[in-house]
Amino acid sequence: MIFDLDETLLDTSALREARQQQRWSEVMRRLDEVQPYRLPEADVEVIDVPLRLREEGIRVGVLTASPRHYAEALLEHFGIVHDGLVTGSDGYAAKPDPAGLLALAEQLGVAIARCAHVGDLDTDVAAAVSAGAIAVGVCWSTRAPQSWRRWWPEVAISEPRRLLELAEGEKLVLFAEAALAGSPVAWHWGTLAAVEDGVFACGRYFQTSDSRHLSSPLSTLVLTAKEDPAGAARVAELLAGLGANPAWEGFDRVCSVPPKPGAVYDRFAVVRAELAPHFGAEDGGGNLEMLFDVPNYKQLNHDARRVANRDRFRAHDVNLQRVLLIDDVITSGGQAEACRDALRAAGTGEVVVVGLTLTQDPLPEVCPECGEGVLRVYRRGSDGRPFLGCPNYFRTGCSYKRDAG
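None of the values given here were measured: they were computed from a predicted structure.

Asker: Explain the overall build of the protein here, please?
Answerer: The helix and strand inventory of the protein stands at 13 helices and 18 strands. Relative to the compact-globule value of 22 Å for 405 residues, the protein shows a C-alpha radius of gyration of 23 Å, a close match. Principal axes of the C-alpha set define a box for the protein whose edges measure 65 × 55 × 35 Å. In the protein, which comprises 405 residues, the share counted as buried stands at 51%.

So, in structure tokens, the structure goes:
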């Protein structure tokens, strides 16, 4: 198990600005401001997890972009045990480039596919995915960072003891991904992706341009269910499992994002009919109406979608206290958000949105020239225009670059 250091193993948030600006002399003077995480009601402290893992025969690594003298000082001061360490002093490109992660796995003598990378940022997730490790996101505040939206970790946790369960073989993956694989669902904070307040997703959707799409049964199901009643029935079966979540109850009605004007097939009809009885709720099939279609909706960016969905929906007969609103894919959140606004305008109290999936950004592109570096966006010093370049230029001299457009 390979840990990020800053704001994963230790609370270094007080030094964040100084670290980001690389004022390392100042950082070293202020090391007393670093604190261990003290989580309410936690039966395992974060800094104790590495030792507990080693006692179970799990090798522990630490991967950080911070310099070695800083990392070693903190690890020693807080007594954090480890079997390997790769730092920003070692010449590897920073995450999301997987080079440092791969080097650390080799240092530990463990195949990367048998490693989990634990971090708090989307770049940690991207590095793990690119390398072939399990991506574990930690969120000690239980409020997921906004950056996770497009790079949701395979496993998301808010309790340190879950890392010990992961090491014992329990993957704790997202609800729909576990259910579709026939695995038991362990309900915890990360079983559903808490995208934002009142908005959740049951799994991840990988676009057809993403190499992960072909190996994702859930992504395939989303496309199938749009036109196939059998696919919609499978979606209904999956979402009906939400009724087993001990934290979810008390819905008056189950509504869904309505079909386009004039459409005959409502892919959510069978889903609502299956899900509503699990909550003792009514089927709200006629409660929402789409007033107009938006041409080329799929080609719009996230912000444009939100604008296009304003006043696009109307709600009827929903003067209720609590509604569960379902959708198949949450991308920008524009449609679900507009439907929620329409329900509230019609007198609904609370609206909880749950999507079967959450759209993810494609895998980072590996440099076609050296085959190692993950391409990053840089800007020309002459005119400020962006271009894609290989970060290995500074380490190995790889000079690959191309226009960002």
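Asker: Sorry if this is basic, but what is going on with helix α9 (residues 217-225) here?
Answerer: Three- or four-residue spacings in an α-helix give side chains the same orientation, since the helix completes a turn every 3.6 residues. Within α9 the residues assigned to the buried category are Leu 218, Ser 219, Leu 221, Val 222 and Ala 225. On an axial view of α9, the arc spanned by its buried residues comes to 160 degrees, and they lie on one face. Tucked into the core, α9 has its buried residues touching α8 (175-180), β9 (204-206), α10 (229-240), β14 (322-330) and β15 (350-360).

Asker: Help me understand the packing of α9 against α10, please; the structure alone is not making it clear to me.
Answerer: What describes two packed helices is the angle between their axes and the distance between those same axes. Where α9 contacts α10, the axes come no closer than 7 Å and their chain directions differ by 125 degrees. Considering their axes alone, α9 and α10 lie oblique with respect to each other. Crossing handedness for the pair α9 and α10: left-handed. For the pair formed by α9 and α10, the contact residues are Leu 218, Leu 221, Thr 224 and Ala 225 on the first element and Gly 231, Ala 232, Arg 234, Val 235 and Leu 238 on the second.

Asker: Sorry, what's going on with a negative patch on the surface here?
Answerer: Together, Glu 55, Glu 56, Glu 168 and Glu 170 make up a negatively charged patch on the protein surface. You can see Glu 56 is positioned in the loop between α3 (49-55) and β2 (61-63). Glu 56 sits in the exposed class, given a relative accessible area of 60%.

Asker: How should helix α6 (residues 122-131) be read in this particular structure?
Answerer: Turning to α6, its buried residues number three or more, namely Asp 124, Val 125, Ala 126, Ala 127, Ala 128 and Ala 131. On its buried face, α6 is in contact with β1 (2-4), α5 (99-108), β4 (116-119) and β5 (134-138). In the stretch just after α6, Gly 132 is the one whose phi turns positive, near 100 degrees.

Asker: Honestly, the sheet that holds β4 in this entry has me stumped. Any pointers?
Answerer: Paired through backbone hydrogen bonds, the strands of a sheet run either parallel or antiparallel to each other. Taken in spatial order, the 6 strands line up as β3-β2-β1-β4-β5-β6 in an open sheet, and their pairing is parallel. Strand pairing shows two members of the sheet lacking a second neighbour, β3 (84-86) and β6 (155-157), which therefore form its edges. This sheet shows a mean twist of 20 degrees between the axes of neighbouring strands, independent of strand direction. Where β5 lies against β6, 3 bridges are found, and the strand directions are parallel. Within β6, the position partnered with Val 136 by the bridge is Val 155. α5 contacts β1, β2, β3 and β4 of the sheet and is inclined by roughly 160 degrees relative to β3. With respect to the sheet, α6 is in contact with β1, β4 and β5, its orientation differing from that of β5 by roughly 165 degrees.

Asker: Before we go on, may I ask you to explain the nonpolar core in this structure?
Answerer: Proteins that are soluble and globular tend to have nonpolar side chains buried together. The biggest cluster of nonpolar side chains holds 58 residues, and the ones touching the most others in it are Leu 242, Trp 248, Leu 324 and Leu 343. In this view, Leu 324 contacts Trp 248, Phe 251, Arg 253, Val 254, Cys 255, Leu 275, Phe 279, Val 352 and Val 354; residues no more than four positions away in its chain are not counted. By size, the runner-up hydrophobic cluster in this structure holds 40 residues, among which are Met 1, Leu 31, Ile 47 and Leu 75.

Asker: Is there a simple way to think about the sheet that holds strand β16 (residues 376-379) in this case?
Answerer: With respect to topology, 3 strands assemble into an open sheet ordered β16-β17-β18, the strand pairing being antiparallel. Both edges of this open sheet fall to β16 and β18 (401-403), since each of them pairs with a single strand only. For this sheet the average axis-to-axis angle between neighbouring strands, irrespective of direction, equals 40 degrees. Across 3 bridges, strand β17 (residues 386-389) lies against β18 in antiparallel orientation. The residue of β18 that forms the bridge with Gly 389 is Lys 401.

Asker: So what exactly am I meant to see when it comes to the pairing of β17 here?
Answerer: Walk down a regular strand and you will see the side chains alternate between the two sheet faces. The pairing of β16 with β17 spans 4 bridges and is classified as antiparallel. Across the sheet, Arg 379 pairs through a bridge with Pro 386, a residue of β17. Counting the residues in the hairpin turn of β16 and β17 gives 6 residues, including Gly 384, whose phi is positive at 75 degrees.

Asker: What exactly am I supposed to notice about unusual backbone geometry here?
Answerer: Both trends apply: most residues other than glycine have a negative phi, and most peptide bonds are in trans. Looking along the chain, the bond that leaves Lys 95 and enters Pro 96 is cis, with omega of 20 degrees. Within the fold, Pro 96 resides in the loop between β3 and α5. We note that Asp 311 has phi near 60 degrees; this positive angle belongs to a residue other than glycine. Within the secondary structure, Asp 311 is located in the loop between α12 (302-308) and β13 (313-315). The phi torsion at Asp 317 lies on the positive side, around 55 degrees, for a residue other than glycine. In this structure, Asp 317 sits in the loop between β13 and β14. With a relative accessible area of 67%, Asp 317 lands in the exposed category.

Calculation rules
- Residues numbered from 1 in each chain as written.
- Predicted model: local features only at pLDDT ≥ 70, side-chain atom pairs only at ≥ 80, totals over all residues.
- Heavy atoms only, no water.
- Helix = DSSP H or I, 4+ residues; strand = E, 2+ residues; numbered from the N terminus.
- Rg over C-alpha atoms; globule rule 2.2 N^0.38 Å.
- Buried < 20%, exposed > 50% of the residue type's maximum accessible area, 1.4 Å probe, protein only.
- Arc of directions from axis to C-beta.
- Contact = heavy atoms within 4.5 Å.
- Axes fitted to C-alpha atoms, helices over the stretch in contact; angles between N-to-C directions.
- Parallel < 35°, antiparallel > 145°, perpendicular 65-115°, else oblique.
- Left-handed = near helix turned anticlockwise from the far one by under 90°.
- Patch = residues over 30% accessible without salt bridge, like charges linked within 9 Å, V, L, I, M, F, W, Y side chains within 5 Å.
- Areas by Shrake-Rupley, 256 points an atom, 1.4 Å probe, with all protein chains shown as cover.
- Salt bridge = Lys/Arg side-chain N within 4 Å of Asp/Glu carboxyl O.
- Lys, Arg positive; Asp, Glu negative; His and termini not counted.
- Charge placed at Lys NZ, Arg CZ, Asp CG, Glu CD.
- Pairing = 2+ DSSP bridges.
- Core = buried A, V, L, I, M, F, W, Y, C linked by side-chain atoms within 4.5 Å.

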